[in-house]
Each structure stands twice: as structure tokens, then as C-alpha cells.
Amino acid sequence: SLEILECSLFGHEKDDDAYLCQCRASAFEQAEGGTLIVEDIDALPPEMQDRIASVLLTKFVRRLGEDRPRQVNFRFIATASCLANASRTDSTLSPELGRAICTHQLNVPPLRERLDDIQQLCEQILTEEHRNQEFNLVETPVPYISDTGLIKLMNHPWAGNVSELSLVIREAYIRLASDQSCIGPEELELSIHQPASLADAEWNTIEKAMVHTGGNLSAAARVLGIDRTTLWRKLKKRPADYQEASS
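Residues numbered from 1 in each chain as written. Predicted model: local features only at pLDDT ≥ 70, side-chain atom pairs only at ≥ 80, totals over all residues. Heavy atoms only, no water.

1. A short note on the nonpolar core
Spelled out, the test is: We call a set of buried residues a nonpolar core when its members are Ala, Val, Leu, Ile, Met, Phe, Trp, Tyr or Cys and they connect through side-chain atoms within 4.5 Å of each other. Relative accessible area decides the class of each residue, using a 1.4 Å probe on protein chains only: under 20% of the type maximum gives buried, over 50% gives exposed, and in between gives partly exposed. Pairs of residues are marked as contacts when any of their non-hydrogen atoms sit within 4.5 Å.
Core analysis: the largest hydrophobic core is formed by 37 residues, its most contacted members being F28, I52, F74, F76 and L231. Among all residues touching F74, those that are not within four sequence positions of it are F28, A31, G34, L36, V55, L56 and K59. Counting residues in hydrophobic clusters, the runner-up holds 19 residues, among them I118, C122, L153 and L188.

2. Some points on the packing of aromatic side chains
Let me state the cut-off plainly: Two rings belonging to Phe, Tyr or Trp (six-membered ring only in the last case) form a pair when the distance between their centres is within 6.5 Å. Interplanar angles under 30 degrees mark stacking, angles over 60 mark edge-to-face geometry, and anything in between is tilted. Segments assigned H or I by DSSP are reported as helices when at least four residues long, segments assigned E as strands when at least two residues long, and all are numbered from the N terminus. Only lysine NZ and arginine CZ atoms are considered, and such an atom sits over a ring when it is within 6 Å of the ring centre and within 35 degrees of the ring normal.
What the rule picks out here adds up to three aromatic pairs. Here F28 and F74 contribute two aromatic rings whose centre-to-centre distance is 5.5 Å and whose plane-to-plane angle is 45 degrees, an arrangement assigned as tilted. Here F74 lies in the loop between β3 (70–71) and β4 (75–78) and F28 lies in helix α2 (residues 27–30), a separation of 46 residues in the sequence. By the burial criterion, F28 is buried, and F74 matches it. Plain terms: the ring middles of F74 and F76 are 6.4 Å apart, the flat faces sit at 75 degrees to each other, and that makes the pair edge-to-face. Of the two residues, F74 and F76, neither departs from the other in class, the shared state being buried. Lying over the aromatic face of F10, R51 brings its terminal NZ or CZ to 3.9 Å of the ring centre. Over the ring of F74 we find K59, and its NZ or CZ is 4.8 Å from the ring centre.

3. Describing the pairing of strand β1 (residues 35–38)
The line we're drawing: Only when DSSP finds a minimum of two bridges between them are two strands counted as paired.
Every second residue of β1 is oriented toward a common face, the buried set being L36 and V38 and the non-buried set T35 and I37. Bridge analysis of β1 against β4 gives four bridges, and the strand direction is parallel. Counted as the bridge partner of L36 is F76 from β4.

Distances and angles like these do not, on their own, reveal function.
See below:
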């Protein structure tokens, strides 16, 4: 729920609520001396964005149910679907948060505009998937993409960006025979019919990941290469059956 998300970000003191039965440090406190990354920050409710902006500007955070502010020191990185520009009227970022995080921006082009990254991303995804497989009782080489398989990937438009690539590669890994280490074009199942919009492409990828993992939110987030909380926020905007699965 939104309450759980708020508690995860800002922490809380003890309460009668079952979820709040113990104190919890805020995400900002847990990142003390390090880096806190918040994905799709523009998808958060405006009031929550303003609270984050307050923490960034003052370097103090107040847990839920607590009056005393706590000083924090951390580096903050956020991802958003649009540039953080306080003057933009189409932005879903609150003006306060836009001003707080617009000091340094990095515009990451869609995957279709950086095809040279595909091979390295595939290697990273395969290495992670290989490491996570519990049946790897003996050391075996990490599978790789063949030259013809790489050509097929580079000719795909990737409307779903890296999440779509991650799902395709992980599914190809599962289809490999036990004595096979090379992933060729036949193992790479790409979507033939392209969605009407980027939003539809993203949802198609999420839907496939949810089906692929049997509705397991944590497993689907890992397959998509995104944070579990980020996936939960995206699912709340879609059909009720998936909302129930993520609750």
C-alpha cells in the first residue's frame, strides 16, 4: 500500500499497527554516508515528492510518528521519465522536487539509440541469471549470445527498453539445454507486433514478466531489472488482477 511505501522511505516509530510494531529507520538514514537511489520518482504522489524535496534541501528527515528530526548525510540519485525542469508544465515532478534534484542531470537515451550497449547488457544479465540458479552445483561457463543472435537483437526496436531485453535474455537462458552454452536466434523470442505506445510496450513487458514468474512480485522485479517498489507502483496503474497479486 501507499502507507507501506511511505514507511519504507521515511521510516516510523512504534505504533499499534501490525506493520509498525517496531521502529524502522528511513531509507535516508540507511543510506548514511552512501548513495540512495529512487527509481521513477515522478510516479510518487506529489505530497511524497515534496517531503523528499524537504529532506534533500534541509538534510533532516522526520520519521512517521516522531517529532524530532534526524540529520542525514547521503548522495541522492533519482530516475524519472522526464527531465527535472521546474519550468515544464507537462512534468509529473512537483516544482519543489524538480528544483531540488535538477543540479546534475544525465539523459539516458532509449536502448534503440545505443545498440552498442546490447552485448554488454546481455553479458551482465546472463552472468546474474547464471549466478542465481540454485541448480548450478558445479561450476559451469556462463552462456553467451552468438553473433547471429546478437544481430537479431540489434535489429529489434526495443520499445520496452532494457526491461524488455532483460526478459528476453532470461527467458532464453531458461530454454537452454543443460549441455548448451550458446544462445542463438532460435532461443531469442522477440515480439513481432509492436505496441502502439511506449506505455503499452512497458506494460506488455511487465505482463510477460508477471506471467513468467507466476505473479511473484519480487521475482518479476528481478527479471525486469527494476526495484520491487518501482514495479509495485507501475502495477497499481493497471488491471485489478495484477494489483491483487502485488498486494
